[in-house]
Every structure is written in structure tokens, then in C-alpha cells.
Amino acid sequence: MKLSKEGSASNLQKLSENPDNAWSVSAYGGVTVLLKICARVGFRAELINPACGLLRNLVGVDEIKRMMMEEGALPTAYCPHLSGRQDQKMKLCR
């Protein structure tokens with residue numbers, strides 16, 4: 001089951017490079033789920049990395065980034081699993 005979650009997250013990351021697909025992920029509550037995945041310590045890196053990459057793709061769409069900021073999600077939208085490296089954490093917020 002874990003492999004299917006990891007594969008799904010990886011595929012969604014690739015699909016979300018297109019802004020139309022990013023909107024679909026956002027519209028169906030994907031931001032909340034992705035933030036939970038990135039914040040949870042128990043998940044494997046194979047799931048966390050594409051989930052965080054997907055969030056990076058979402059904040060690449062200005063309107064989605066603005067909505068995330070308004071909801072207060074963006075300041076916490078980072079991957080704490082990156083060994084505490086602030087430079088890696090801030091890549092998401094660009």
C-alpha cells in the first residue's frame with residue numbers, strides 16, 4: 001500500500017507542473033492533505049519528497065500561493081524532514 005501512495009504522490013507532483021492540474025489538486029482539498037503528509041514524521045521519504053514537491057508546484061501558481069498565504073498555510077508549508085536546513089525549507093515559499 002505504501003508503494004501506491006508513493007507512486008501517486010510522485011505522479012501528482014509531475015502532473016501539477018501544469019497550472020490547470022495544480023488548480024485541480026488545490027480545488028479538491030489537496031493542500032491540507034499534502035501539508036499533513038509533509039509534517040508527519042512517520043512517513044517514508046519516498047512519500048514526503050514528492051508531496052513537498054507537489055506543494056512547491058502549487059505555490060508556483062500565484063493565485064494558489066495567495067490563497068495559501070491568506071489561510072495561513074504557507075508559513076508552515078515546508079518539509080521538516082530536510083535535516084533542519086533552512087535553505088531547503090525556504091525553497092517551498094519561493
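For the structure, check the block above.
These figures come from a predicted structure and were not determined experimentally.

(A) Layout of the packing of helix 3 (residues 30–39) against helix 4 (residues 45–59). Relative to each other, helix 3 and helix 4 sit at 140°, their axes nearing to 9 Å. In terms of orientation, helix 3 and helix 4 fall into the oblique class. For the element pair helix 3 and helix 4, the recorded crossing hand is left-handed. Only Leu-47, Ile-48, Ala-51, Cys-52, Leu-54, Leu-55 and Leu-58 of helix 4 make contact with helix 3, whose side of the interface consists of Val-31, Leu-34, Leu-35, Ile-37 and Cys-38. Here the residues of the contact of helix 3 with helix 4 are counted per class, giving 12 nonpolar, no polar and no charged.

(B) Spotlight on helix 3. Residues Gly-30, Val-31, Leu-34, Leu-35, Ile-37 and Cys-38 constitute the buried set of helix 3. Down the axis, helix 3 shows its buried residues gathered within 160° of arc, on one side only.

(C) Summary view of the pattern of salt bridges. Taken as a whole, this structure holds two salt bridges when the rule is applied. Of the charged contacts in the structure, one is a salt bridge between Glu-46 and Arg-44, with a shortest N-O distance of 3.3 Å. Exposure remark for Arg-44: the relative accessible area of 39% places this residue in the partly exposed category. Here the salt bridges do not stand alone but share partners, grouping Glu-6, Arg-44 and Glu-46 into one network.

(D) Looking closely at the nonpolar core. With 19 residues, the main nonpolar core has Val-31, Leu-34, Leu-55, Leu-58, Ile-64 and Met-68 as its most contacted residues. When contributions to this core are tallied by element, the ones reaching two or more residues are helix 2 (19–27), helix 3, helix 4 and helix 5 (62–70). If one sorts the elements of this core by residue count, helix 4 sits on top with eight residues. Not counting the four nearest positions on each side in its chain, Val-31 is found in contact with Val-25, Ser-26, Leu-55, Leu-58 and Met-68.

Calculation rules
- Residues numbered from 1 in each chain as written.
- Predicted model: local features only at pLDDT ≥ 70, side-chain atom pairs only at ≥ 80, totals over all residues.
- Heavy atoms only, no water.
- Axes fitted to C-alpha atoms, helices over the stretch in contact; angles between N-to-C directions.
- Helix = DSSP H or I, 4+ residues; strand = E, 2+ residues; numbered from the N terminus.
- Parallel < 35°, antiparallel > 145°, perpendicular 65-115°, else oblique.
- Left-handed = near helix turned anticlockwise from the far one by under 90°.
- Contact = heavy atoms within 4.5 Å.
- Nonpolar A, V, L, I, M, F, W, Y, C, P; charged D, E, K, R; others polar.
- Buried < 20%, exposed > 50% of the residue type's maximum accessible area, 1.4 Å probe, protein only.
- Arc of directions from axis to C-beta.
- Salt bridge = Lys/Arg side-chain N within 4 Å of Asp/Glu carboxyl O.
- Core = buried A, V, L, I, M, F, W, Y, C linked by side-chain atoms within 4.5 Å.

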